[in-house]
Amino acid sequence: MKNYDVVIIGAGAAGLMCALTAGQRGRKVLVLDHAERMGNKILISGGGSCNFTNLYLEPEHYISENPHFSKSALSRFSQYDFISLVEKYNISYQQRQAGQLFCNGNSVEILNLLLEECRLSEVKIQNRSTIKKIEKESRFTVKTNSEDYVTESLVIATGGLSMPRIGASGFGYEIAEQFGLKVLSRQPGLVPLTFNRDDLDDFSDLTGISADAAVTCNGQSFREAILFTHRGLSGPAVLQISNYWQPGDEVVINLLPDINLTETIKQWQKERPKTELKNLIGELLTRRVAHRRMGLWYHNKPVNQYNEKEINEVADIFHVWRIRPSGTEGYKVAEVTRGGVDTDELSSKTFETKNVKGLYFIGEVVDVTGWLGGYNLQWAWSSGYCAGQFV
Ligand SMILES: Cc1cc2nc3c(=O)[nH]c(=O)nc-3n(C[C@H](O)[C@H](O)[C@H](O)COP(=O)(O)OP(=O)(O)OC[C@H]3O[C@@H](n4cnc5c(N)ncnc54)[C@H](O)[C@@H]3O)c2cc1C
């Protein structure tokens, strides 16, 4: 049996950040991962350019049963701390919309940064390692397919359930349950929503069309693009709202968020009375979407033939499009997992479990889920760094 001060399971964003931080403190660290390659999600993140953080980092951009839990870690290792690391490695980056920072080059630069920092602090990383069993007496024993390890501090950084084909597993939740910790129910997050039968019949042939919209669910709104898919709706606004959606909930879409359509139609009645309304609305919105929404409810006619009641109804068709999704596209495409290890079980300072000395949970396995836009990786960096200070 080999002895380590710290064994970290999961060589993803949180695990590697924790490892390099603990290594810099002189701790003897081993990272185990069952995948062929480490940092798979970092590599595919941000479409291969890694949206590694967000300038507008706020605890309000995270969802958790305890909305205060993330505050401490996000302030102790902020976006600026990670940016300093990126700049130390001369990785060039750019700001896209809403404070999102992406590499100008490839995500592999971020992974290489983490691996190099681990190498400098003599962290040992072992992939293709299957964890067979974890036991605890005074210390933890981690039994793997190749060797057994004994450690004082055991960190679970195995992430969530999304994208099982690149290594995601429910391992972290199983270990939490093995040690009697509460695990909150999990759902795919940042995921496309699927249409119910009727909407599928009406809209599935609009696949590939995108529109700027305001999307609202459970009191939360996002103003970004939506994208019609062959099964439902995707695009950033829909991915964002999926974090707030529960099965059975209604989602309301405003397809003309910058316009008061009632007033605009009245204006058209004066200025372009003979023009058909659907064509006028088609000038404001993608033509096919405008025609489809109109066609489902109204026979088309010149704009001057609409009465007050009809004008209000047409305005609602575009401003208040109500859908009741049948579900989501699931973990195979979701970017994150909502829910997970209950934050009540953990110290927000150290990430150690309150009742099992030496056992830590960090990253996505914990019930903290970020918005789209670099927030989830920042959570991995922040939680990994904070635990790395104490393991
Ligand atoms: C397609 C996609 C794009 C994304 N883009 C972005 C983005 O641009 N910006 C952003 O902020 N977030 C993005 N995310 C989310 C972000 O990647 C994750 O939230 C983040 O990687 C979570 O870090 P983690 O370390 O907790 O888990 P992970 O990075 O998932 O790492 C977990 C590690 O544990 C290993 N593991 C799992 N089970 C076991 C087991 N049983 N035994 C041993 N090892 C195990 C896995 O192989 C993996 O290496 C994206 C996610 C996806 C799926």
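Note that this is a predicted model, so its numbers are computed, not measured. (Residues numbered from 1 in each chain as written. Predicted model: local features only at pLDDT ≥ 70, side-chain atom pairs only at ≥ 80, totals over all residues. Heavy atoms only, no water.)

Trainee: If you had to explain the layout of surface pockets to someone new, which residues and values would you point to?
Mentor: Considered as a void within the structure, the second largest pocket measures approximately 260 Å³ in volume. Around the second largest pocket, the lining is made up of 14 residues, and of these Glu65, Gln246, Arg338, Gly339 and Asp367 lie nearest the centre. Elements with a minimum of two residues in the lining of the second largest pocket: strand 11 (183-189) and strand 19 (336-341). (1 Å grid on protein atoms, 1.4 Å probe; cavity = no way out; pocket = protein on both sides within 12 Å on 5 of 7 lines; lining within 4 Å. Points joined across faces, edges and corners; volume = space filled by probe spheres on them. Helix = DSSP H or I, 4+ residues; strand = E, 2+ residues; numbered from the N terminus.)

Trainee: Give me the lowdown on the nonpolar core, citing residues and values where you can.
Mentor: Soluble globular proteins tend to pack their nonpolar side chains together in the buried interior. Judged by nonpolar contacts, the single largest core of 121 residues is most densely connected at Ile226, Phe318, Phe361 and Trp381. Residue contacts for Trp381: discarding those within four places in its chain leaves Ala13, Met17, Ile42, Phe52, Phe77, Phe82, Ile110 and Leu114. (Core = buried A, V, L, I, M, F, W, Y, C linked by side-chain atoms within 4.5 Å. Buried < 20%, exposed > 50% of the residue type's maximum accessible area, 1.4 Å probe, protein only. Contact = heavy atoms within 4.5 Å.)

Trainee: Can you explain the site of the ligand? Please cite residues and give values.
Mentor: As a matter of local geometry, the ligand sits amid 32 residues, with Asp33, Gly46, Ser169, Glu364 and Leu377 nearest to it. Take Ala14: an N or O atom from its main chain is 2.8 Å from an oxygen atom of the ligand. The separation between an oxygen atom of the ligand and a polar side-chain atom of Asp33 is 2.5 Å. For the ligand, whose unbound accessible area comes to 1000 Å², protein coverage reaches 93%. The element contributing the most residues to the shell around the ligand is helix 13 (residues 375-388), with 4 residues. Residue classes in the shell around the ligand are distributed as 15 nonpolar, 13 polar and 4 charged. (Near = heavy atom within 4 Å. Polar contact = N/O pair within 3.5 Å; in protein donor to acceptor, adjacent residues only side chain to side chain. Areas by Shrake-Rupley, 256 points an atom, 1.4 Å probe, with all protein chains shown as cover. Nonpolar A, V, L, I, M, F, W, Y, C, P; charged D, E, K, R; others polar.)

Trainee: An account of the sheet that holds strand 5 (residues 93-95) is needed here, citing residue identities and associated values.
Mentor: Pairing is antiparallel across the open sheet formed by 3 strands, whose spatial order is 3-6-5. The strands lining the two open edges of the sheet, one partner per strand, are strand 3 (51-54) and strand 5. Mean inter-strand twist for the sheet, computed between neighbouring axes without regard to direction, equals 25 degrees. Strand direction decides the pairing type here: strand 5 and strand 6 (residues 100-103), joined by 3 bridges, are antiparallel. When the bridges of strand 6 are listed, Tyr93 appears paired with Cys103. The sheet contacts of helix 4 (residues 79-88) involve strand 3, strand 5 and strand 6, and relative to strand 3 the element is tilted by about 140 degrees. (Pairing = 2+ DSSP bridges. Axes fitted to C-alpha atoms, helices over the stretch in contact; angles between N-to-C directions.)

Trainee: Describe the pattern of salt bridges, naming the residues involved and giving the relevant values.
Mentor: The full count for this structure, using the stated rule, is 21 salt bridges. A salt bridge links Arg272 to Glu283; the nearest nitrogen and oxygen atoms lie 2.9 Å apart. Of the two residues, Arg272 sits in the loop between helix 9 (261-271) and helix 10 (277-282) while Glu283 sits in the loop between helix 10 and helix 11 (287-297), which places them 11 residues apart along the sequence. Note on Arg272: relative accessible area 32%, which makes it partly exposed. Salt-bridge contacts for Lys301 lead to Glu310; the nearest nitrogen and oxygen are separated by 3.1 Å. Its relative accessible area of 17% is what places Glu310 among the buried residues. (Salt bridge = Lys/Arg side-chain N within 4 Å of Asp/Glu carboxyl O.)

Trainee: So what's going on with the sheet that holds strand 16 (residues 251-254)? Which residues, and what values?
Mentor: Read across the open sheet, the 7 strands follow the order 17-16-13-14-15-12-18; overall the sheet is antiparallel. Since the sheet does not close on itself, it has two edges, and those belong to strand 17 (321-323) and strand 18 (327-328), each with one partner. Direction of pairing for strand 13 (residues 210-217) relative to strand 14 (residues 220-228): antiparallel, over a ladder of 8 bridges. Across the sheet, the residue bridging to Thr216 is Ser221, located in strand 14. Contacts between helix 12 (residues 308-319) and the sheet are confined to strand 16 and strand 17, with strand 16 contributing the most and set at about 110 degrees to the helix.

Trainee: Please give an account of the pairing of strand 16 that cites residues and values.
Mentor: Of the two faces of strand 16, the one carrying Val251 and Ile253 and the one carrying Val252 and Asn254 are both buried. Where strand 13 and strand 16 come together, 3 bridges link them in antiparallel fashion. Counterpart to Thr216 in the pairing with strand 16 is Val252. Pairing analysis gives 3 bridges linking strand 16 to strand 17, with the strands arranged antiparallel. When the sheet's bridge partners are listed, Ile253 is paired in strand 17 with Trp321.

Trainee: Kindly report on the packing of aromatic side chains, identifying the contributing residues and their values.
Mentor: Describing an aromatic ring pair means giving the distance of the ring centres and the angle of the ring planes. Within the structure shown, the criterion is met by 18 aromatic pairs. On the numbers, 5.9 Å between centres and 45 degrees between planes, the contact of Phe52 with Phe82 is tilted. With Phe52 in strand 3 and Phe82 in helix 4, the pair connects residues that are 30 residues apart, well separated along the chain. Judged by its relative accessible area of 0%, Phe82 is buried. When the centroid spacing of 5.9 Å and the interplanar angle of 90 degrees are considered together, the rings of Tyr62 and Tyr375 count as edge-to-face. Placement of the pair is Tyr62 in strand 4 (residues 62-63) and Tyr375 in helix 13, with a sequence separation of 313 residues. For Tyr375, a relative accessible area of 3% puts it in the buried group. What links up through ring pairs into an aromatic cluster is the set Tyr62, Phe69, Phe222, Tyr244, Phe351, Trp371, Tyr375 and Trp379. The side chain of Lys28 reaches across the aromatic face of Tyr4, ending 4.8 Å from its centre. The ring of Tyr173 has Arg186 sitting right over it, with the charged end atom 4.5 Å from the ring centre. (Phe/Tyr/Trp six-rings, centres within 6.5 Å; stacked < 30°, edge-to-face > 60°. Lys NZ or Arg CZ within 6 Å of the ring centre and 35° of its normal.)

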